[in-house]
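# Coordinate analysis (summary)
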Amino acid sequence: MTPPTIEAYGIRLRPFRLDDVADIAAGCADPLVQRYLDALPSPYTEADARYWVTEGAPAAFTAGGAAYAIADPATDRLLGTVGLSHPVPQRSQAEIGYWVAPWARGRGVATAATRALAAHAFAAGTARLELLADVENAASQRVALAAGFRPEGVRRSGGPVRGGGRRDLTVWVRLADDPPGPSPRPLPDLPAGRLTDGVVALRRLGPEDNDEMYRLHTGPEVVASRVPPEPPTRDEIDRRARGAESQWLVGTVASMTILDATSGAVAGGCALVHDQPGSGQAMLGYSLLPQWRGRGYATRTVRLLARWGFDHVGLVRLWAGTLPENVGSQRVLEKAGFRREGLLRGRLPGAAGSRNDSTVFGLLPTDLAD
């Protein structure tokens, strides 16, 4: 039985044809597609594409899934593929996946195709769709959000890595009765990609910051304030940077790099941890490299983070904690408008099994000092 053609959201989903072979081969040989689709042959040839058209795609429908060519409605040229796999009939569930050819990226093709096939699947009786994306594949997670999928967690070592090993996968889910449109973003992107007051600039943490972040977080003063007070490994620093955009998109942590606005040099790191979204609260933290301390950069950073949290995230309260002996950090918070709210005894794990007290500070929108 020939699968129906689906036209929606400015794209066409149709069965594959033999005249798609050259485009399938070119798309599947692309390094980005090869990186995230480990099941594809490597190198990918036109013989592989021909097998997919004649055997692989029809078999997907026979197994209860789907495998569609994404085509341009005007030219009918192949732009990529989208499909349903791993159907679980007793749960009315399936997994949705896609790839987009290099010549079609940046046009919303993946989002449109995902929305179109999801609507078709729900109309046919599917109740739940999963979309799995590599933790480092932020582009795919942005597609999930735009297509109305919501994060449900991380499937640890959920997928193989070409050449050996495993990778973590973020799990995104859309239900048949979810509201239409994109999913809400608890932590929006920074305006124009950064926050700045002309002296200090903040941007999203990235792998290019790993050397400086390792130097920062292994410094003795910063280690003393860590929980627990132990230096991180280089692998921990690298993994944090690789997963930073995913955490931002999921809405849990906005990790940022502090820059000198004039030179662009890395001055430190900061984060807004969205730990109490239900009550509109979040925690912030910050650290500076030694050569940038004593210049007011930490206070400027706290003000920038707080203003973004109140004005763009929609928070109603921010809090921060310091060790009682960390007078310097307490002065930074107070200059930004935070008020000391109390002492939590034995709140934090310390060295050698001990416990440390934590001094708690809070900030309301009306407290923020310019």
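Quantities reported herein were computed from a predicted structural model and do not represent experimental measurements.

## A few points about the overall build of the chain
A tally of helices and strands in the chain yields eleven helices and 16 strands. Each principal axis of the C-alpha distribution contributes one length, and for the chain these read about 75 × 45 × 40 Å. Taken across its 370 residues, the chain has 48% of its residues classed as buried. Nonlocal contacts in the chain, meaning residues at least 24 apart in sequence, comprise 60% of its contacts between residues at least 6 apart.

## Focus on the pattern of salt bridges
Overall, the coordinates contain 32 salt bridges when judged by the stated rule. With its nearest N and O atoms 2.8 Å apart, the salt bridge here joins Asp197 to Arg300. One end of the pair, Asp197, is in the loop between strand E9 (195–196) and strand E10 (200–204); the other, Arg300, is in helix H10 (residues 297–313), with 103 residues separating them in the sequence. On the accessibility criterion, Arg300 (29% relative accessible area) is partly exposed. Across the salt bridge formed by Arg340 and Glu334, the nearest N and O atoms sit 3.5 Å from each other. Looking at Arg340, the relative accessible area reads 48%, which means it is partly exposed. In this structure Glu334 comes out as partly exposed when scored by relative accessible area, which is 38%. By sharing partners, the salt bridges in this structure join Glu7, Arg12, Arg14, Arg17, Asp19, Asp20 and Asp76 into a single network.

## Comments concerning empty space enclosed by the protein
Enumeration according to the criterion identifies one cavity of 30 Å³ or more in this entry. By volume, the largest cavity is sized at about 30 Å³. Forming the boundary of the largest cavity are Ala224, Ser225, Arg226, Val227, Pro229, Leu323, Leu348, Pro349 and Asn356. Elements with a contribution of two residues or more to the lining of the largest cavity: helix H7 (220–225) and strand E15 (339–349). Considered class by class, the residues forming the lining of the largest cavity number six nonpolar, two polar and one charged.

## Remarks on the sheet that holds strand E2 (residues 11–14)
Within the open sheet, the eight strands sit side by side as E1-E2-E3-E4-E5-E6-E8-E7. Their pairing is mixed. Since the sheet does not close on itself, it has two edges, and those belong to strand E1 (6–8) and strand E7 (150–160), each with one partner. Across the sheet, the axes of successive neighbouring strands diverge by a mean angle of 30 degrees, strand direction being ignored. Taken together, the three bridges between strand E5 (residues 93–100) and strand E6 (residues 128–134) define a ladder with parallel strand orientation. Bridging from a neighbouring strand, Glu95 pairs with Glu130 of E6. Taken strand by strand, helix H4 (residues 109–123) contacts E1, E2, strand E3 (66–71), strand E4 (78–88), E5, E6 and strand E8 (166–175), and its axis lies near 155 degrees from that of E5.

## Considerations on the packing of aromatic side chains
A full pass over the atoms with the stated rule returns four aromatic pairs. Seen from their ring centres, Phe61 and Tyr68 are 5.4 Å apart, and the 90 degrees between their planes marks the pair as edge-to-face. The exposure class assigned to Phe61 is partly exposed, which follows from its relative accessible area of 27%. Here Tyr68 falls in the buried class, since its relative accessible area comes to 1%. For the pair Trp292 and Tyr297, a centre-to-centre distance of 5.6 Å together with 25 degrees between the ring planes defines the contact as stacked. For Trp292, a relative accessible area of 10% corresponds to the buried category. The ring of Trp103 carries Arg77 above its face, with NZ or CZ at 4.3 Å from the centroid.

## Thoughts on the pairing of E6
Of all seven residues in E6, five are buried; the element is thus mostly enclosed. Handedness of the β-α-β unit built from E5, H4 and E6 comes out right-handed.

## Side note on helix H5 (residues 138–146)
Among the residues making up H5, those that are buried are Ala138, Ser140, Gln141, Val143, Ala144 and Leu145. On its buried face, H5 sits against E5, H4, E6, E8 and helix H9 (244–250). At the exit of H5 stands Gly148, carrying a positive phi of roughly 90 degrees.

## Some words on the packing of helix H6 (residues 210–217) against helix H8 (residues 234–242)
Between H6 and H8, the shortest axis-to-axis distance is 10 Å and the interhelical angle comes to 130 degrees. Between H6 and H8, the crossing angle belongs to the class labelled oblique. With respect to the hand of their crossing, H6 and H8 are arranged in right-handed fashion. On the side of H6, the interface is formed by Asn210, Asp211, Met213, Tyr214 and His217, while H8 contributes Arg234, Ile237, Asp238, Arg240 and Ala241.

## Section: the environment of Leu129
On the secondary structure map, Leu129 appears in strand E6. Since its relative accessible area comes to 0%, Leu129 is described here as buried. Put simply, Leu129 and Thr2 are 127 residues apart on the chain and 23 Å apart in space, counted from C-alpha to C-alpha. In this structure Leu129 touches Leu84, Ala94, Ala118, Ala121, Phe122, Phe149, Trp172, Val173 and Arg174, once residues within four positions along its chain are discounted.

Each value, and the rule that gives it
Residues numbered from 1 in each chain as written. Predicted model: local features only at pLDDT ≥ 70, side-chain atom pairs only at ≥ 80, totals over all residues. Heavy atoms only, no water. Helix = DSSP H or I, 4+ residues; strand = E, 2+ residues; numbered from the N terminus. Buried < 20%, exposed > 50% of the residue type's maximum accessible area, 1.4 Å probe, protein only. Contact = heavy atoms within 4.5 Å. Salt bridge = Lys/Arg side-chain N within 4 Å of Asp/Glu carboxyl O. 1 Å grid on protein atoms, 1.4 Å probe; cavity = no way out; pocket = protein on both sides within 12 Å on 5 of 7 lines; lining within 4 Å. Points joined across faces, edges and corners; volume = space filled by probe spheres on them. Nonpolar A, V, L, I, M, F, W, Y, C, P; charged D, E, K, R; others polar. Pairing = 2+ DSSP bridges. Axes fitted to C-alpha atoms, helices over the stretch in contact; angles between N-to-C directions. Phe/Tyr/Trp six-rings, centres within 6.5 Å; stacked < 30°, edge-to-face > 60°. Lys NZ or Arg CZ within 6 Å of the ring centre and 35° of its normal. Right-handed = clockwise from strand over helix to strand, strands pointing away. Parallel < 35°, antiparallel > 145°, perpendicular 65-115°, else oblique. Left-handed = near helix turned anticlockwise from the far one by under 90°.

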